[in-house]
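Coordinates in review
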Amino acid sequence: MRIAFLGLGHMGLPMAKNLATSGHEVVGFDVFPAAVDAAREAGVAVAHSGTDAATAASVVITMFQTGDQVLGAYRGVDGADGLLAVAASDALFVDCSTIAVDEARAAHALAEAAGHRSLDAPVSGGVVGAENATLAFMVGGTDEDFEAARPLFEAMGRRVVHCGGAGLGQAAKVCNNMILAVSQIAVAEAFVLGERLGLSHQALFDVASNASGQCWALTTNCPVPGPVPTSPANRDYQPGFAGALMNKDLGLAEKAIAATGVEAKMGRLAREIYQEFADGEGAGQDFSGIINTIRGDRV
Ligand code: NAD
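No experiment lies behind these values; they were computed from the predicted model shown.

We now examine the nonpolar core. Counting residues in each nonpolar core, the largest one holds 32 residues, and the members touching the most others are Phe5, Met15, Leu19, Ile61, Val94, Phe137 and Phe153. When contributions to this core are tallied by element, the ones reaching two or more residues are strand E1 (2-6), helix H1 (12-21), helix H2 (33-41), strand E4 (59-62), strand E5 (92-95), strand E8 (135-140) and helix H8 (143-156). Top element by residues in this core is H8. It accounts for 6 residues. Excluding residues that lie within four positions of it along the chain, Phe5 makes contacts with Gly12, Met15, Ala16, Leu19, Val26, Val27, Gly28, Phe29, Ile61, Met63 and Met156. With 26 residues, the next largest nonpolar core counts Ala188, Val192, Tyr237 and Tyr274 among its residues.

Okay, structure coming up:
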């Protein structure tokens, strides 16, 4: 079974490497020449083009930034053959990029119309998870296709959840990250309020982490230095999960909120808050750095 792996960026390269070291035949490609060089140096076989990598491949994995990139690569640009045209018949297309639910469904439809099978399989766990093969995969597609791809997910990650049909992996990702954004803002607001009331960070942490305020944004990603020594706040908010990526994911949530007509006041407000954060100096900081904006230290 030959696997084409397209998109060898921060996430894609370590994922492709883990697939190759677990014994799969992997051929990679990226439109960015330095990424191809890095893959070659990391011991991943590389092709001269995306279609070269995908020709006769029975599995095609993509790990791009945007839905437009995924749909463009599937279809082909400027009349050239795309990945769908050159892969082996009945190939399994697995898109691991984080893209909108409607874009993921469009990708499924294109793959199906071309006689292929497909899964949307976004991940969480970041670059560290990609490097250590501890990613979590959220997967949308049929039971059969999910089971066929399971060994591949297990070579790149630790947790794999089949969320339902086409697009529902992306739906799970967008819903989870909306919870995360809202809860990170809530935790940061509580710490700033506690400061103004004379409450120490440690005292608030000791209470909330053992009470109903307990959540990942507090106990793992604590936005103040001290209580959780491994949180980004202890290293001047170096990510972690960058504000730009959180803002991107909230943009996808906003699109889904608009498409479904859900009220989601908190989700929409979180998008506004992180948009402003990412437009300023927050793009490259961990998203827990939002506490500095709330405190008024940085605007
Ligand atoms: P990245 O920009 O580092 O990598 C994407 C790569 O895709 C780039 O190298 C780009 O040149 C390549 N690419 C684009 N179009 C291509 C094409 N047609 N053919 C071949 N290569 C092409 O991005 P990343 O950080 O690796 O993230 C990838 C995806 O994973 C994004 O959707 C992101 O939202 C998601 N994600 C990222 C993280 C993270 O911590 N970085 C965590 C979870 C999810």
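What follows continues from the structure just given.
The full count for this structure, using the stated rule, is 0 disulfides. No disulfide involves Cys163; its nearest neighbouring cysteine sulfur is the one of Cys175, lying 9.8 Å away. A relative accessible area of 46% means that Cys175 is categorised as partly exposed.

Per the domain assignment, the segments of the chain are domain 1 (2-166) and domain 2 (171-295). The centre of domain 1, based on its C-alpha atoms, is set 30 Å off from the matching centre of domain 2. Listed per partner, the contact involves 12 residues of domain 1 and 7 residues of domain 2. Summed over both sides, the interface between domain 1 and domain 2 buries roughly 790 Å², with carbon and sulfur atoms accounting for 64% of that surface. The largest contributions to the domain 1 side of the interface with domain 2 come from Thr98, Val101 and Met138, which together make up 46% of the buried area. Put simply, domain 1 and domain 2 have 2 salt bridges between them. The shortest N-O distance in the salt bridge between Lys255 and Glu103 comes to 3.9 Å. Counting every contact that joins domain 1 to domain 2 gives 4 residue pairs in polar contact (both at pLDDT 80 or more). Taken together, the elements giving at least two residues each to the side of domain 1 that touches domain 2 come down to helix H6 (101-113) and strand E7 (123-124). Among the elements that line the side of domain 1 that touches domain 2, the one with the most residues is H6, at 3 residues. Tallied by class, residues from the side of domain 1 that touches domain 2 come to 7 nonpolar, 3 polar and 2 charged.

So, on to the UniProt feature "active site" (unreviewed entry) in the chain. Residues given the UniProt feature "active site" (unreviewed entry) here are Lys173. Turning to its location among the elements, Lys173 is positioned in helix H9 (residues 168-196). With a relative accessible area of 7%, Lys173 lands in the buried category. Not counting residues up to four positions away in its chain, the partners in contact with Lys173 are Thr98, Pro122, Val123, Ser124, Met138 and Asp249.

The rules behind each value
Here the residue index of a chain counts from 1 through its sequence in written order. Local features in a predicted model are, by the rule used here, given only for residues with pLDDT of at least 70; side-chain atom pairs are given and counted only at 80 or more, and totals for whole chains, interfaces and linings are based on all residues. Calculated side-chain values reflect all of the structure's heavy atoms, with hydrogen atoms and water omitted. We call a set of buried Ala, Val, Leu, Ile, Met, Phe, Trp, Tyr and Cys residues a nonpolar core when their side-chain atoms join them within 4.5 Å. To sort residues, take the accessible area from a 1.4 Å probe on protein chains only and compare it with the maximum for the residue type: under 20% means buried, over 50% means exposed, and anything in between is partly exposed. Helical segments are the DSSP runs of H or I of at least four residues, strand segments are the runs of E of at least two, and each set is numbered from the N terminus. Here a residue-residue contact requires only that any non-hydrogen atoms of the pair lie within 4.5 Å. Two cysteine sulfur atoms form a disulfide, by the criterion used here, when they sit within 2.5 Å. As used throughout, domain bounds are those supplied by an automatic or database domain assignment. Here the buried area means the combined drop in accessible surface, using a 1.4 Å probe, for two parts upon being joined, counting both sides. Salt bridge, as used here, is a side-chain nitrogen of Lys or Arg placed within 4 Å of a carboxyl oxygen of Asp or Glu. Two N or O atoms form a polar contact when they lie within 3.5 Å of each other; inside protein one atom must be a possible hydrogen donor and the other a possible acceptor, and for residues adjacent in sequence the pair counts only when both atoms belong to side chains. Charged means Asp, Glu, Lys or Arg here, nonpolar means Ala, Val, Leu, Ile, Met, Phe, Trp, Tyr, Cys or Pro, and polar covers whatever is left, Gly included. UniProt positions are given in the numbering used here, feature names are shortened, and annotations may be inferred rather than shown by experiment.

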